[in-house]
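Letter by letter, the chains look like this.
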Amino acid sequence: MKQVVIGVDIGGTSSKYGLVDMEGNVLAEGSICTDIYDTVEDFQKGLYEAIEKTIAPIKNTVEIKGVGFGAPNANFYKGTIENAANLKWKGVVYFADLFKKYFNVPVVLTNDANAAAIGEGLYGGAKGMND
């Protein structure tokens, strides 16, 4: 089985996700509207259902090792989204802990800008750069 991770970019109007192997190849991808969900629980359920539908054709050939989220105002150390101005759910949301019920793998969350920088450093135009 091919080892993969699920990466999700949470945005105020849409959220994009992809199933990525350890070499950085995107095996499946999709998106959902973020702003149609009034609660974080409804958003997470909708996201899970969309991911499951997207990866269904290859699910028996891959082993999901983890889920990573990039989100506005995310706190990596707590797994929280904190007072994000562009999301409907307000206050401090324990996003990573809440999402663990959908996949029995590690779930991590970081600021979306940091996630983009890490991705560029590992697989993109900044590959091999340290700063």
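Above: the structure in question.
What you see is a predicted model, and the numbers here were worked out from it, not measured in a lab.

Colleague: How do you make sense of helix α1 (residues 40-55) when you look at a structure like this?
Modeller: An α-helix turns once per 3.6 residues; consequently, residues spaced three or four apart project the same way. The end-to-end C-alpha separation of α1 is 22 Å, in line with the 22 Å expected for 16 residues at 1.5 Å each. Buried within α1 are the following residues: V40, F43, Q44, G46, L47, A50, I51, E52 and I55. Those residues of α1 that are buried are in contact with β1 (2-10), β2 (14-21), β3 (26-33), β4 (62-71), β7 (92-93) and α2 (95-99).

Colleague: Looking at this structure, I do not really get the environment of G66. What am I missing?
Modeller: If you trace the backbone, G66 turns up in strand β4. A relative accessible area of 9% places G66 in the buried class. Each C-alpha atom, one on G66 and one on N114, is 18 Å from the other, the two residues being 48 residues apart in sequence. Sequence-distant contacts of G66, that is, excluding residues within four places in its chain, are made with V4, V5, I6, V105 and P106.

Colleague: I keep staring at the nonpolar core and nothing clicks. Help me out?
Modeller: For soluble globular proteins, the rule of thumb is that nonpolar side chains tend to be buried together. Ranked by size, the top nonpolar core spans 34 residues in total, and within it I10, L47, F69, I81, F95 and F103 carry the most contacts. Per element, the largest residue contribution to this core is six residues, and it comes from α1. Not counting residues up to four positions away in its chain, the partners in contact with F103 are I6, Y48, I51, E52, I64 and V67.

Colleague: Please explain the sheet that holds strand β6 (residues 80-82) as it appears in this structure.
Modeller: Within the open sheet, the three strands sit side by side as β5-β6-β7. Their pairing is antiparallel. Of all the strands in the sheet, just β5 (74-75) and β7 have a single pairing partner and so form its edges. Of the strand pairs in this sheet, β6 and β7 are connected by two bridges, and their pairing is antiparallel. What sits directly across from I81, in β7, is V93.

Colleague: Where do I start with the pattern of salt bridges in this structure?
Modeller: Pairing is possible between side chains that carry opposite charge, provided their charged atoms lie close to one another. As enumerated under the stated definition, the model contains five salt bridges in all. The closest approach of N and O atoms between K88 and D38, which form a salt bridge, is 3.1 Å. A residue pair is termed long-range when its members are at least 10 positions apart, and K88 in the loop between β6 and β7 and D38 in the loop between β3 and α1 qualify at 50 residues. Residue classification places K88 among the partly exposed positions, given a relative accessible area of 42%.

Colleague: Just checking my understanding: could you explain the sheet that holds β3 for this structure?
Modeller: Within a sheet, adjacent strands bond to each other through the backbone by hydrogen bonds, running parallel or antiparallel. The strand order across the open sheet built from five strands is β3-β2-β1-β4-β8, with neighbouring strands paired in mixed fashion. Each edge of the sheet is formed by a strand with only one pairing partner; in this case those strands are β3 and β8 (107-111). Strand-to-strand twist across the sheet, computed as the mean angle between neighbouring axes with direction ignored, equals 20 degrees. As defined by bridge partners, β1 adjoins β2 across seven bridges and the pair is classed as antiparallel. Opposite V5, over in β2, you have V20 as the bridge partner.

About the criteria used
- Residues numbered from 1 in each chain as written.
- Predicted model: local features only at pLDDT ≥ 70, side-chain atom pairs only at ≥ 80, totals over all residues.
- Heavy atoms only, no water.
- Helix = DSSP H or I, 4+ residues; strand = E, 2+ residues; numbered from the N terminus.
- Expected span 1.5 Å × (residues − 1).
- Buried < 20%, exposed > 50% of the residue type's maximum accessible area, 1.4 Å probe, protein only.
- Contact = heavy atoms within 4.5 Å.
- Core = buried A, V, L, I, M, F, W, Y, C linked by side-chain atoms within 4.5 Å.
- Pairing = 2+ DSSP bridges.
- Salt bridge = Lys/Arg side-chain N within 4 Å of Asp/Glu carboxyl O.
- Axes fitted to C-alpha atoms, helices over the stretch in contact; angles between N-to-C directions.

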